[in-house]
Amino acid sequence: MQATYRFTGDSLAPDHEHISQLMTDVYKDGLNLIAQNKLEEAKDLFWSSARKVVESEGSSLIVNLPSIGGIGKYEGDTADFEGDRIRSPLYTNLSPYHRTLLAACCNGMAKYYIAKDDLESALEWLEEVHVLYQNLYFKEWERPLYDWFDHAIDFPMFTFHRVTALTTSGEIFNRLGNTATAGERIWVAKSTTQSLPPAHSTPQVKRMITTDKLTQAISLRNPDPSLCHKLTLTHPRLQVRGSWRKLQLKPGEKSIGGRMKFASFIWKSRLYVFGGWQGDLSSANPFFKDFWCLDLSVDDSERKWRRLADYPQNVPAAISWSFVVEEDEDKAYLITGKAQVDYFDLANETWGRIKTTFTPTEEDKRVGGIKGNWPFPGQTLADSTVIINKRKIYTFGGDHGDTGLGCNLFMELDLDTQKWTRLSGYVQAPLYNDYDLPGPRVSACGWVGPTKDRIYMCFGQANRDGAQMKGERHGAKSAFAYNDFWSWDLEGKKWRRERMEGNPPALRTEMAYTFNEKLNKAILFGGYAPCISTLHLEKGVQYNYTYYADTFVYDGALPDSSSPSTPASSSPPSSSTSLIPWTSKDPTQVIAPSETSHPGWRQVLTRGFPTYRCHAHLHTDSATGKVYLFGGYTNTDFVPSRGSFLTRPFSDVWQLRLDGVGPIGDFAQVDVEEEARTAGAGPWQRCFGCGNAGRWKKCAGACKGKAFFCGVECQREGWREHKKVHGCRKL
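Keep in mind that this is a model prediction, so the values were computed, not measured. (Residues numbered from 1 in each chain as written. Predicted model: local features only at pLDDT ≥ 70, side-chain atom pairs only at ≥ 80, totals over all residues. Heavy atoms only, no water.)

Colleague: When you look at the overall build of the protein in this model, what are you seeing that I'm missing?
Modeller: Helix and strand counts for the protein come out as 13 helices and 42 strands. Taking all contacts inside the protein whose residues are at least 6 apart in sequence as the whole, residues at least 24 apart take part in 64%. Counting every atom, the protein has about 30600 Å² of accessible surface; 48% of that belongs to carbon and sulfur. (Helix = DSSP H or I, 4+ residues; strand = E, 2+ residues; numbered from the N terminus. Contact = heavy atoms within 4.5 Å. Areas by Shrake-Rupley, 256 points an atom, 1.4 Å probe, with all protein chains shown as cover.)

Colleague: What should I look at first to understand the packing of helix 2 (residues 39–55) against helix 4 (residues 96–115) in this one?
Modeller: Two numbers describe a pair of packed helices, the interaxial angle and the distance between the axes. Axis separation between helix 2 and helix 4 bottoms out at 9 Å; the angle between their running directions is 155°. Judged by the inter-axis angle, helix 2 sits roughly antiparallel to helix 4. As for the relative orientation of helix 2 and helix 4, their crossing is left-handed in sense. Side by side, helix 2 and helix 4 meet where L39, E40, K43, F46, W47, S49, A50, V53 and V54 of the first sit next to H98, L101, L102, C105, G108, M109, Y112 and A115 of the second. Partitioned by chemical class, the residues of the contact of helix 2 with helix 4 number 12 nonpolar, 3 polar and 2 charged. (Axes fitted to C-alpha atoms, helices over the stretch in contact; angles between N-to-C directions. Parallel < 35°, antiparallel > 145°, perpendicular 65-115°, else oblique. Left-handed = near helix turned anticlockwise from the far one by under 90°. Nonpolar A, V, L, I, M, F, W, Y, C, P; charged D, E, K, R; others polar.)

Colleague: I keep staring at the sheet that holds strand 6 (residues 239–246) and nothing clicks. Help me out?
Modeller: Strand-to-strand pairing in sheets goes through backbone hydrogen bonds, with the strands running parallel or antiparallel. Ordered by their spatial adjacency, 8 strands build an open sheet running 26-27-30-33-6-38-35-34, and the pairing between neighbours is mixed. In this open sheet, the two strands that pair with only one neighbour each are strand 26 (512–516) and strand 34 (617–620). Between one strand and the next, the sheet's axes are offset by a mean angle of 30°, whatever the strand orientation. (Pairing = 2+ DSSP bridges.)

Colleague: Please clarify how helix 4 should be interpreted in this entry.
Modeller: Structurally, the α-helix is built with 3.6 residues per turn, so residues lying three or four positions apart point the same way. Compared with the 28 Å implied by 1.5 Å per residue over 20 residues, the 29 Å span of helix 4 between its first and last C-alpha is a close match. Where helix 4 terminates, the next one or two residues include D117, which has phi positive at roughly 60°. (Expected span 1.5 Å × (residues − 1).)

Colleague: Just to check I follow, could you spell out the pattern of salt bridges for this structure?
Modeller: Oppositely charged side chains can form a pair if their charged atoms are brought close together. Considering all chains together, one arrives at 34 salt bridges under this definition. Put simply, D84 and R497 hold a salt bridge, and the shortest N to O gap is 3.0 Å. Of this pair, D84 sits in the loop between strand 4 (78–80) and helix 3 (89–92) while R497 sits in strand 25 (residues 494–497), and the two are 413 residues apart along the sequence. Its salt-bridge partner being D117, residue R175 comes within 3.0 Å of it at the nearest N-O pair. (Salt bridge = Lys/Arg side-chain N within 4 Å of Asp/Glu carboxyl O.)

Colleague: Whenever I open this one, the sheet that holds strand 16 (residues 385–389) confuses me. Can you help?
Modeller: Strand order across the open sheet formed by 5 strands is 15-19-18-17-16, with mixed pairing between neighbours. If you trace the sheet from one side to the other, it starts and ends with strand 15 (357–358) and strand 16, each paired once. Where strand 17 (residues 392–400) and strand 18 (residues 403–414) come together, 7 bridges link them in antiparallel fashion. Bridge assignment links T395 to a residue of strand 18, and that residue is M411.

Colleague: Mind showing me how you'd approach the pairing of strand 35 (residues 627–630) here?
Modeller: Consecutive side chains of a regular strand alternate in pointing toward one face of the sheet and then the other. Judged by which residues are buried, strand 35 turns out to be covered on both faces: V627 and L629 on one side and Y628 and F630 on the other are all buried. Of the strand pairs in this sheet, strand 34 and strand 35 are connected by 4 bridges, and their pairing is antiparallel. The residue of strand 35 that forms the bridge with L618 is L629. Connecting the antiparallel pair strand 34 and strand 35 is a turn made up of 6 residues, with G625 showing a positive phi of about 85°. (Buried < 20%, exposed > 50% of the residue type's maximum accessible area, 1.4 Å probe, protein only.)

Colleague: Would you mind going over the packing of helix 4 against helix 6 (residues 156–176) with me for this structure?
Modeller: Orientation of helix 4 relative to helix 6, taken along the N-to-C sense of each, is 25°, at an axis distance of 9 Å. Taken together, the axes of helix 4 and helix 6 are roughly parallel relative to one another. Note that helix 4 runs across helix 6; the crossing there is left-handed. Across the interface between the two elements, R99, T100, A103, A104, N107, K111 and I114 from helix 4 touch M157, F158, H161, T164, A165, T168, I172 and R175 from helix 6. Among the residues forming the contact of helix 4 with helix 6, the class breakdown is 7 nonpolar, 5 polar and 3 charged.

Colleague: Looking at this structure, I do not really get the nonpolar core. What am I missing?
Modeller: Nonpolar side chains tend to gather and get buried jointly when the protein is soluble and globular. Core analysis: the biggest nonpolar cluster contains 84 residues, and L65, Y91, L102, W125 and W148 have the highest contact counts within it. The next biggest cluster of nonpolar side chains, apart from the first, holds 29 residues, and it includes C228, A549, L629 and A681. (Core = buried A, V, L, I, M, F, W, Y, C linked by side-chain atoms within 4.5 Å.)

Colleague: Before we go on, may I ask you to explain the pairing of strand 11 (residues 322–326) in this structure?
Modeller: Burial within strand 11 is extensive, with 5 of its 5 residues counted as buried. Across the two faces of strand 11 the burial is the same, with S322, V324 and E326 and F323 and V325 all buried. With 5 bridges joining them, strand 11 and strand 12 (residues 331–335) adopt antiparallel strand pairing. Along strand 12, the bridge assignment pairs E326 with K331. Counting the residues that bridge the hairpin from strand 11 to strand 12 gives 4 residues, and of these D330 lies at a positive phi of roughly 55°.

Colleague: I'm lost on unusual backbone geometry in this one. Help?
Modeller: For residues other than glycine, phi is negative in most cases, and the peptide bonds are mostly trans. Omega for the bond connecting L65 with P66 falls within 30 degrees of zero, at -10°, which places this linkage in the cis form. You can see P66 is positioned in the loop between strand 2 (61–62) and strand 3 (72–75). A cis amide bond links N222 to the next residue, P223, at an omega of 0°. Mapped onto the elements, P223 comes out in the loop between helix 9 (211–218) and strand 6. Notably, E349 is not glycine yet its phi reads approximately 55°, a positive angle.

Colleague: Can you help me understand the environment of I68 in this one?
Modeller: Topologically, I68 is positioned in the loop between strand 2 and strand 3. It is 8.3 Å that separates the C-alpha atoms of I68 and E501, two residues lying 433 residues apart in sequence. Beyond its immediate chain neighbours, meaning those up to four positions away, I68 contacts E124, R499, E501, W582, T583, P593 and H598.

Purely geometric numbers; function is a separate question.
So, in structure tokens, the structure goes:
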């Protein structure tokens, strides 16, 4: 977040002093009741005070607190919740006093649910404070602000409650094992107060964001190898068990070389990889233009890469492009920004090409900034989010010839007519933001929902450093990573903000992602945050970025935690639930969000994981429902490797296995306890004896390195068990 604040013009009128005293008394009295274990009395106090704030706006609104599903309205006798999930006139126009009183009540309700160990409901109430904060942006309607500007009201009590919500949610995420989002929350809480007037840094605020707390948060890796093997499933609507399995090649076979910024896809249990970059410009041949295929259905003993026909076009590099597969015609289309769209015929393994056209409307030229007869300047498009749905290809954002920042141009290519259409957005980011659509970015995460009527988009980054180097508008010293979530209504043709429900990933970009149609889940792995620091205590160095290796799933409806499940359930996932939808509940009654049906994120708890990285690709094999990861890179300072390299690319292939989703998840064969003692934690190994993670030596016995030991003592103590479990013997 840029250390620049804009304050609203709200006046703190003296006649509202009684409200200021009321908000202090409500919060203090409610916490005292919780301390006395009078939980229901505390809940009633916070709830009644919150309802008074929202009910004063009239009966035409449907305000479920927290406002999961947005603030609805009555259309006759029908409740309409199709509007924005975050932005609302009610929250935008609240006075500073009422905004702060409502934030205090939300924090109070969260404290009540924490005391009940209902962490999901607590997180929803804390997220409501963030929604109240976000609505401050929309008061700046004459000069709309981009997300990289922080925004505040000059009212220290609201700052106190915002910091309370951030740090309290951070504590919950730590309990759940989500160290990345926990660290992000305290990082934002600390940075959000540094540029505010001194009156905002009250003693209470300072105690919540001490330097020691921040140091502890940014010293952890995400996941942290010292913690991940100890995590247990405690809240099934916020967590799910998983396992990463590294696929091996046939003995003697070579990999295709570590790479990033490649294009890839899976078709009929085969992984295809095209082009990319080694990540080192000093290399004699840093760019790849080759095309490979790997059969995922065979055993490790038979698996090998097979080279396919070279790309027929003469290009200096094939980087940051995207493939999408039209399965009905067995073709993979390569989106590069050119009018000539190349495709690979998967059945015949030959290249082909179609010629596409674009006819700009007056609005495309006047509003969208399109010049000439082509939407992508320089006929280039890199790091765009590309999705296919019902024979239409959609591209959002990315870099092109006229921007280093990234854009938010949203385009559609109809494969039947071979014509492009601009749906929304701008070729270049205008001077002021447009609150009706996502901001300019590259490397966003996107997928089509299970009903095929919405496209979802989240995360990504605005390359403000790239814009500065090009002398472009909105330039700055560092990039900005988004933490937003949007969906596009394919029929209504408009964007809608979505809430970050449940146990979500931290802000990031360049993550791997896929939507699994057989599971009805979006899955996300890893990525990179250019604006959250990592402290390397051993080296005494602080990096201004963070790499991730955590895994998350997004459910359109969180599972019913009351339904029993075995550790490796063989039952298929169910789309039905016994819980009522959140938006159909009585808004005047207190109902825990955990007792209703609504969307949300869950973290996948894995004992081991691929090395921290960005620019990896995650794909679902539509034939089997299995999920695979390939490639990417990391900075070798962040992940110790060979010190002479600035970046380290990967060529490894991994399968993600998920619990509780039936045979598709392939989890039945996972030995969770064994993984806790032997699974690699990124670049480190787990000592079979003591459990510590480090760069240990593997056993040289007949087990062929199934176990690692940190020293002679652990090897001596663990040898007997290792011999029994793994059938090892001395050679």
